[in-house]
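Chains, contacts and geometry: an overview
One letter stands for each residue in the lines below.
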Amino acid sequence: MWNILSNVPLGQLIRNMHRLGAEAMVLVVALHMLRTFITGSYKKPRQFTWATGMILLVLTLLLSFSGYLLPWDQLAYWALTVFLSAAEAAPSPLPGIIDPEVINSNVLLILQGAPTLGAGGLLRWYLFHVLLMPLLLGIFFFVHYYKVVLHGFSLPPGREKIGEDTAKRVPRNERTYFMPDIFTSELMWTALATLLLTAGALWFWDAPLEHHADSIVTPAHVVAPWYLSWSQGWLKLAPKTVIVAFIPVLLVVFIVMPYFEVGKSRRYADRRLGLSISMLFIAFMLVSNWMGSPEFRVASSPDLEVAQELLPQEGPSVLLGVPYEHLVLGEYSPG
């Protein structure tokens, strides 16, 4: 990583854009799924399109998380350590028939590439990031896009009769064609996104890089990436086995939900219960993200907190912004 930042031409710019673009991708995919739910576009005949979208969301999170680990700094190492400990605590899919320790030990060996986490694990996650995840994303993206083209873009809820899908019967003079309308629109948004990523990577944000991974030293206040901090918040409230079992169940519920929802109307007034539940879920996830921060149920002594604020083990110190002549020996005022 230091070679990329120091010796490769434009290495730091490309790394910053890669990291910023990855996090923007997570946000865009999540907002796209939220819009799809709010407009009811997951309803018949687009249930399978929704299912592939949920799989793409999970693969996007995994792709971003696997890239988050590759710098192999302290935050990456301990984030992966927490992830592997959760995988090791997964319950058995067939209790009483299959011993969970047998499955979990082999899954753990696959994920960390060796009996202990080290260079083998780094290589394994690098291959996940550059080969396996892009391959799966490409496959499911092709299927997802094929279903979108097959059924057409869903119309605004108010333009359709209840229980009817008229996306394929839009009058010819109102249709939006791929060439040139959609293509030029996507080209414009791609250019604008590239401009914003370049400006952000040049002047406003640097991809973090902490000290080299050290299995002996655990930094204070290690946090997960912002898009996974909700899981860290849940781990503070319940045993790992419960959380690891709950997350796949929640994912399956989201995937199969369109097949069991009986309401045919996509209109907002007819979906008050579903929209209210979705808003409550969003609020719950925001609170869970806050629970994943060090401010929630992370107790340490005041002297350690002061030391972490002034001279953190990882990240820049607030003292860097204080002029030297204002640093009076023996005095400290948090105000």
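Parameters and conventions
Residues numbered from 1 in each chain as written. Predicted model: local features only at pLDDT ≥ 70, side-chain atom pairs only at ≥ 80, totals over all residues. Heavy atoms only, no water. pLDDT = per-residue confidence, 0-100. Helix = DSSP H or I, 4+ residues; strand = E, 2+ residues; numbered from the N terminus. Core = buried A, V, L, I, M, F, W, Y, C linked by side-chain atoms within 4.5 Å. Buried < 20%, exposed > 50% of the residue type's maximum accessible area, 1.4 Å probe, protein only. Contact = heavy atoms within 4.5 Å.

With respect to the confidence of the model for the chain
- Confidence along the chain averages 88 in pLDDT terms, with 97% of residues attaining 70 or more.
- Averaged pLDDT values for the elements of the chain fall to 77 in helix 11 (residues 302-310) and rise to 95 in helix 3 (residues 47-69).

A closer look at the environment of Ser-85
- Tracing the sequence through the fold places Ser-85 in helix 4 (residues 74-88).
- Here the alpha-carbon distance between Ser-85 and Lys-240, two residues 155 residues apart in the chain, equals 8.3 Å.

Section: the nonpolar core
- In this structure, Leu-69, Leu-80 and Trp-125 are the most contacted members of the largest nonpolar core, which totals 26 residues.
- Secondary-structure elements contributing two or more residues to this core are helix 3, helix 4, helix 5 (100-112), helix 6 (119-151) and helix 8 (229-235).
- By residue number, the principal contributor to this core is helix 4, which donates 7 residues.
- Apart from residues no more than four positions distant in its own chain, Leu-69 is found in contact with Ala-76, Ala-79, Leu-80, Leu-122 and Trp-125.
- By size, the runner-up hydrophobic cluster in this structure holds 10 residues, among which are Phe-37, Tyr-42, Trp-50 and Ala-51.

Points about helix 7 (residues 178-204)
- Every buried residue of helix 7 is accounted for by Ile-182, Gly-200 and Ala-201.
- Against the buried residues of helix 7 lie helix 2 (11-38).

Quick word on unusual backbone geometry
- At the junction of Lys-44 and Pro-45, the peptide bond is cis and its omega measures out at 10 degrees in the coordinates.
- Summarising the element assignment, Pro-45 is placed in the loop between helix 2 and helix 3.
- With phi around 60 degrees, Leu-10 is a residue other than glycine that occupies positive phi space.
- Its location among the elements puts Leu-10 in the loop between helix 1 (2-6) and helix 2.
- Taking the relative accessible area as the measure of exposure, Leu-10 reaches 59% and is therefore exposed.
- One non-glycine residue, Trp-72, lies in the positive phi region at around 55 degrees.
- Take Trp-72: it is sitting in the loop between helix 3 and helix 4.

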